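Architecture at a glance
Below are the chains, spelled out letter by letter.
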Amino acid sequence: MGMAHFTKENITIEVNEGDRLSDCIQAAGLVLETPCNGLGLCGKCRVKAWGDLTLPDELESRFINAPDVRLACLARVKGDVCIELPPKCNQLKTINQGFAIEVDLDSSVKQVRLPAPTKTAQPYLESLLDSGSGFSSGSGSGSVDLYQKAGKLEQARAQQVYGVLFDNEIIDLGTEPGEIQGVAIDIGTTGISAYLLDLASGKILQKTSCLNPQTEFGGDVLSRISYCLENPQGPKQLQEAILGKLNELVIDLTVDANRAKRVYQVVIAGNTTMLHLVLGVYPGSIARAPYRPVFLKQVDLKARDTGFLICPDARVTLLPSASGYVGADILAGVVATAFDKKDVPAIFLDIGTNGEIVVNLGGRLIATSTAAGPALEGMNISCGCRAEEGAIDSFSIDDQFELHFTTIGSTYPKGICGSGLIDITAAMVKHRLVLASGRFNPDLDPRIQARVRDKKFYLTEELYISQTDIRQLQLAKGAIAAGVTLLLEEVGIPPEAIEEAVIAGAFGYHINPESILEIGLLPKGFRGTISFVGNSSVEGARLALINQGVMTQIKDLKHRIEVLELSTNPRFQDYFVKALGFK
Amino acid sequence: MDKETLFREISHALVEFEVEKVAELAEQTLLQNIPAFETITEGLVTGMKEVSRLFEEEEYFLPEVLMCSDAFNAGLEVVNPHLDKASLEKPIKMVIGVVEGDTHDIGKNLVGILSGASGFEVYDLGRDVPLDRFIEKAEEVESDMICMSTLMTTTMDGMKTVIDRLIERNIRDKYKVLIGGGPISQTFCDKIGADLYANDASSAVRKAKELMGRV
């Protein structure tokens, strides 16, 4: 037994010998991201720590470069220790908007003036439900909350009653008319986006976004699933983390808890794993061949059964997914952008740790997911970071070999995020710092020579791109390009025939189209237009919230879309290897 | 061309992945009655060693390595029928596969190809391989090594299960266990008691040879 003291927060807790620093941080209720789920692979969970600690092993030593700096996932406590956490993690720069088609208002939620109570002994609420007036209470009898609300009406001797209906089901009662609101949510593996909507007008009242708090349990889907495999309480813990955050976001959006009670519908899009975790459902089977989820169909629940602190009888809908790796986020995005209605051959891409791809050929929709790895999100890259303050997000080299770059928040460059990496690589290919094979050019233009040392291209004194980083990017873009090629082959058209590439995802918004073509993220031969639609997933959730027809469209799409598994496709390897170069 | 020059040319053409040239040069060795065994060890294998070095130094990447191994196989096909089997030392046998629950096999395929090109006798079980299958096959072919790979953190514990079952059956010492794949590390290797971890296909082959006492 020892004490761990957190210097900045001035928190001291009891810890056990053998606890990892990351355990101590969690036990103290503090947050530190451990992107690789404590495997000691990414080196991103550095903290300052001193006192009675285990000595760094060989693995840890690879990542630590200054006294008292330790990896929280590897260093273990022996007695009393002091821990200094890094400066508060920056806000993730996630694009909290997206392109979407316009739809008419046709919400399931409506507010109506109900017949006033009559002077009879017949219970008011029951009379509404019995009288053939077309109202129901969903389950047959009212919910406890609804009875209590009816009781309050009696207490107030109400002469005028307003009800909120979901379809024809009474979900709220009151003496005054009030706001009727809905919340559209996209749960991304990295970031969460949410909109508050006025369901009477369909207008967006407020938007918010934040980092997914589950990153504490692992940066990507697989490491979070691993957490659930190793910890029996895993699904529950991950559910609590996400629900806690979602409820915070609802309060953020509605400003106070009373207004939050006037949220009558929540529509959630997200990848299949995120949807499992929001219900606390074991996601393990998604990550084992044959990659089988527990559910794919749309799930409709009452808010009180889900842990959402909104109107207890409100409807919470999880949009349907197509497969374990083609989730509701993709279906929602496809419908939001009317991609399913394109009359020219087109591809839809969502780039992240998994790259999801959909091809539309004359209304035939076929989708797949490819294990691109985290490079395009700035992870597994020597100086990589997420799209957060200080990240280099755009880059170019001019004809005089001068470098130009921008950082998020225009601050001092602290790392390179995905869009920066794509730009940097494209510039390196264009100016022949790397060859078509991806190899660093040993024969450099003299004007750039000073920046290249030991197969590292220095952008600043500290930040560089190494040969290994270029290889990581090649693997990521090769996987995506090969996935697109295979899908196109499946529908029987060449890349030349594709007229449009629609790139979705918070990440997609910042990328430069020329850089995409230069590095060959799309198959050779592609000459169509590239458009960016931002977070089309949250847009899809928004449209489903304000228009019931859109909800039905997403459901139909789930049945219509074909899914192709790439990793078992015999030709994938061949296409992948061919797509690695920068030709 | 004398023998030494011919071998050098073969190695060189292989490293430059000139498939046809390697085959032509291999034909020439036959015309000159050079023993196939020497052509393989001095020309082809020497070339592949250089390819491995280039890969480990990141000069070469997967496409180059695969093209080089095509060149290796082209040369091997020419001289193999003339090989005096008695001249060969007993090849190292390896059973290789992607562990149960995972279907991502490109890394495993690469190790298989490079091992084959370095003279290993490779029994490839494919992907999503039931864990007991590794042991059954190793017993059946009297393998020297069991090689397991996975890309997913969710399936890596299968490797430990295989090792535990080897121990249960009292045959752990019969095999060297080599593991690799995206989430695998030396720490994990130590933790589950595997014999060898390699972080790329080329070093996997090199380290496997070292482990078996063949350099």
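**Description of the overall build of chain B**
Looking only at helices and strands, one finds 9 helices and 5 strands in chain B. In terms of overall dimensions, chain B is globule-like: its C-alpha atoms have a radius of gyration of 18 Å, near the 17 Å expected for 215 residues. The buried share among the 215 residues of chain B stands at 50%. Pairs at least 24 apart in sequence give 74% of the contacts found in chain B among residues at least 6 apart.

**Focus on the domain arrangement of chain B**
Interfaces are often sized by the accessible area lost when the parts come together. All names here are of chain B. Domain annotation for chain B reports domain 1 (3–87) and domain 2 (93–211). Distance between the C-alpha centres of domain 1 and domain 2: 27 Å. On the side of domain 2, 11 residues touch domain 1, which itself brings 9 residues to the contact. Secondary-structure elements contributing two or more residues to the side of domain 1 that touches domain 2 are α3 (36–56) and α4 (62–79).

**Digging into the domain arrangement of chain A**
We note that the domain assignment places domain 1 (2–84), domain 2 (109–174) and domain 3 (181–318) within chain A. Here domain 1 of chain A and domain 2 of chain A have C-alpha centroids that lie 56 Å from each other.

**Quick word on the sheet that holds strand β2 (residues 121–124) of chain B**
Residue and element names in this part refer to chain B. The strand order β2-β1-β3-β4-β5 describes an open sheet built from 5 strands, whose pairing is parallel. The open sheet has two edge strands with one neighbour each: β2 and β5 (196–197). Where strand β4 (residues 176–180) meets β5, 2 bridges bridge the pair, whose relative direction is parallel. Bridging across to β5, I179 finds its partner in Y197. The strands touched by helix α5 (residues 106–116) within the sheet are β1 (93–98), β2, β3 (145–149) and β4, with β1 carrying the most contacts at an inclination of about 165°. Taken strand by strand, helix α6 (residues 131–141) contacts β1, β2 and β3, and its axis lies near 165° from that of β1.

**Side note on the packing of helix α1 (residues 3–15) of chain B against helix α2 (residues 19–31) of chain B**
All names here are of chain B. Closest axis-to-axis distance for the α1/α2 pair is 9 Å, and the angle between their directions is 160°. It follows that α1 is roughly antiparallel to α2 by the angle criterion. In this structure, α1 meets α2 at a crossing whose hand is left-handed. Contacts from L6, E9, I10, A13 and L14 of α1 reach α2 at K21, V22, L25, A26, Q28 and T29. Here the residues of the contact of α1 with α2 sort into 7 nonpolar, 2 polar and 2 charged.

**So, the interface of chain A and chain B**
Contact with chain A, which involves 30 residues of that partner, is made by 23 residues of chain B. Elements represented by at least two residues in the side of chain A that touches chain B include exactly α5 (221–230), α13 (467–491) and α17 (572–578) of chain A. The greatest single-element share of the side of chain A that touches chain B, amounting to 5 residues, is contributed by α5(A). Taken together, the residues of the side of chain A that touches chain B break down into 12 nonpolar, 14 polar and 4 charged.

**Thoughts on unusual backbone geometry**
Residues and elements named next belong to chain A. Following A289, the chain continues to P290 via a peptide bond in cis, the omega torsion being 5°. Within the secondary structure, P290 is located in the loop between α8 (272–278) and β13 (299–302). The phi torsion at R157 lies on the positive side, around 50°, for a residue other than glycine. Here R157 is to be found in the loop between α4 (144–155) and β7 (161–166). R157 gets classed as exposed once you count the C-beta atoms within 10 Å, which come to 8.

**What to know about the pairing of strand β15 (residues 346–350) of chain A**
Residues and elements named next belong to chain A. Most of β15 is tucked away: 5 of the 5 residues are buried. Taking every second residue as pointing to the same face, both faces of β15 are buried, with A346, F348 and D350 on one and I347 and L349 on the other. Where β15 and strand β24 (residues 500–504) come together, 5 bridges link them in parallel fashion. In the strand pairing of β24, A346 is matched with E500.

**As for the sheet that holds strand β18 (residues 391–397) of chain A**
All names here are of chain A. Reading across the sheet, the 3 strands line up as β19-β18-β20 and stay open at both edges, with mixed pairing between neighbours. With partners counted over all chains shown, the strands left at the sheet margins are β19 (403–407) and β20 (415–416), one partner each. Direction of pairing for β18 relative to β20: parallel, over a ladder of 2 bridges. Across the sheet, the residue bridging to A391 is G415, located in β20. Contacting β18 and β20, helix α11 (residues 418–430) crosses the sheet at an angle of about 15° to β18.

**Focus: the packing of α5(B) against helix α9 (residues 201–211) of chain B**
Residue and element names in this part refer to chain B. The contact between α5 and α9 brings their axes to 9 Å, and the two run at 45°. For the element pair α5 / α9, the angle class is oblique. In this structure, α5 crosses over α9, and the sense of that crossing is right-handed. Residues G107, L110, V111, L114 and S115 of α5 form the contact with α9, whose own contacting residues are A201, S202, A204 and V205. Residues belonging to the contact of α5 with α9 are distributed by class as follows: 6 nonpolar, 3 polar and no charged.

Rules used in this analysis
Residues numbered from 1 in each chain as written. Chains lettered and ligands numbered in written order. Predicted model: local features only at pLDDT ≥ 70, side-chain atom pairs only at ≥ 80, totals over all residues. Helix = DSSP H or I, 4+ residues; strand = E, 2+ residues; numbered from the N terminus. Rg over C-alpha atoms; globule rule 2.2 N^0.38 Å. Buried ≥ 20, exposed ≤ 12 C-beta atoms within 10 Å, placed from the backbone. Contact = placed C-beta atoms within 7 Å. Domains from an automatic or database assignment. Pairing = 2+ DSSP bridges. Axes fitted to C-alpha atoms, helices over the stretch in contact; angles between N-to-C directions. Parallel < 35°, antiparallel > 145°, perpendicular 65-115°, else oblique. Left-handed = near helix turned anticlockwise from the far one by under 90°. Nonpolar A, V, L, I, M, F, W, Y, C, P; charged D, E, K, R; others polar.

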